[in-house]
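Architecture at a glance
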Amino acid sequence: PAVTSPCKILKCNSEFWAATSGSHHLGTEEAPEFCTALRAYAHCTRRTARTCRGDLAYHSAVHGIDDLMDQHNCSKDGPTSQPRLRTFPPGDSQERSDSPEICHYEKSFHKHSAAPNYTHCGLFGDPHLRTFTDTFQTCKVQGAWPLIDNNYLNVQVTNTPVLPGSAATATSKLTIIFKSFQECVDQKVYQAEMDELPAAFADGSKNGGDKHGANSLKITEKVSGQHIEIQAKYIGTTIVVRQVGRYLTFAVRMPEEVVNAVEDRDSQGLYLCLRGCPLNQQIDFQTIRSAQATEGRARRKGPSLPAPPEAFTYETATAKCREKLPVEDLYFQSCVFDLLTTGDVNFMLAAYYAFEDVKMLHSNKDKLHLYERTRDLAPGNTAPSGTPPTLWVALLCLSQCWLGLL
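Residues numbered from 1 in each chain as written. Predicted model: local features only at pLDDT ≥ 70, side-chain atom pairs only at ≥ 80, totals over all residues. Heavy atoms only, no water.

1. Concerning the sheet that holds strand 7 (residues 188-193)
As a reminder of what qualifies: One requirement defines pairing of two strands: DSSP has to find at least two bridges between them. The helix count covers DSSP runs of H or I at least four residues long, the strand count covers runs of E at least two residues long, and both are numbered beginning at the N terminus. Think of each axis as a best-fit line through the C-alpha atoms, taken over the contacting stretch in the case of a helix, with angles from 0 to 180 degrees between the N-to-C directions. Note on contacts: a residue pair is in contact if any heavy atoms of the two residues lie within 4.5 Å.
With respect to topology, four strands assemble into an open sheet ordered 4-5-6-7, the strand pairing being antiparallel. On the outer flanks of this sheet lie strand 4 (143-149) and strand 7, each paired with one strand and no other. Mean inter-strand twist for the sheet, computed between neighbouring axes without regard to direction, equals 20°. Pairing of strand 6 (residues 169-178) with strand 7, which is carried by six bridges, proceeds in the antiparallel orientation. Bridge pairing in strand 7 links Ile177 to Val189. Against the sheet, helix 3 (residues 56-71) engages strand 5 (153-161), strand 6 and strand 7, with an angle of about 50° to strand 6.

2. Things to note about the state of the cysteines
This is how the line gets drawn: Pairs of cysteine sulfur atoms within 2.5 Å are what we label disulfides. Note on classification: 1.4 Å probe, protein chains only; a residue is buried when its accessible area is under 20% of the maximum for its type, exposed when over 50%, partly exposed between these limits.
Within the structure shown, the criterion is met by seven disulfides. Disulfide pairing is shown between Cys12 and Cys44; the S-S distance is 2.0 Å. What sets the handedness of the Cys12 and Cys44 disulfide is the S-S torsion sign, and at about -80° it is left-handed. Taken together, the residues Cys12 in helix 1 (residues 9-20) and Cys44 in helix 2 (residues 31-47) connect sequence positions 32 residues apart. Comparing Cys12 with Cys44, the two get one shared label, buried. In this model, Cys121 is linked to Cys273 through a disulfide, with the two sulfur atoms separated by 1.9 Å. Disulfide Cys121-Cys273: the torsion about the S-S bond is -80°, which places it as left-handed. Of the two residues, Cys121 sits in strand 1 (residues 118-124) while Cys273 sits in helix 7 (residues 272-275), which places them 152 residues apart along the sequence. Among the residues examined, Cys121 registers a relative accessible area of 0% and is labelled buried.

Structure below.
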């Protein structure tokens, strides 16, 4: 059954896109018509503002209207007649929508052209982020954060504390907005929350809507209530969403061209998958892990330190993670950190499935495993880079030894 909501933003969106489909090809003589459609769009959003206050699609639409008004020099005062449907000549829409270069990204490349480069981003656990540049970070990022935001889709995650008073958070809500695209798909919104992983978009549909290329966007349920996959062939993108325990994981495979299709490049640093978490939101879990291991050894020597609230010691967490993650890479280390921090064995499964998704989605099989040395960040990233703390300690000790010998 279709999901019903008092928020009618999707209706406003569909009316506007129906009225302006193909408007980027219009000449300047039709600009007044476009402005009329924009004012009608704004009027529609105002009518549903009260019931859409917490809806990401609504706020995205309001922001987009303001941008379009400025770009086309539209006055906010003027006619707001209901948008009329734009019709194409008989056969024209069908021919273009059936053309592979419109609704199938990979087929748009000619046989002698270079294949597109694909990138991967993933978010899982407490939470751990692998960016499009293969940078691995552990972050706090409590509340709502933009994960991806480009010309084709928006992804926003909401992270909530795992335990009261703890800095550890995990993803409790996920919103994905697929923007309307030519003759292929209507705008679609997918929302998942704790204990609710739908196998359909918010309007109850499982594809891109009523357009001829609608099947270039499809949702497939892999495991009921636990694992869904969204194929967006028109942008060459695959998204995997899982619920593991109470929390959600996210993984995406996306062409670099789509990743970088952003109009406002100055604000690209806000998107976690592209630039990583802000410095003040990062957690150096490797240093914490070393401290936890040292504390565990100290507890065995005497009762002076209180027992941790978690159910795992460093040794038992390590053994548990090794059951699913035999290679001691950053996914393994994340698993150990999460078990020590939360005591919830489902975080071990989240790390395991995150790595399984990497194996399926990452285009470079030599980069599946990440280790400490990969934490150096790409130029321009807001996060720090450099030698891991444990290596600095080793170098310091070595230098002291040499000084003693001299």
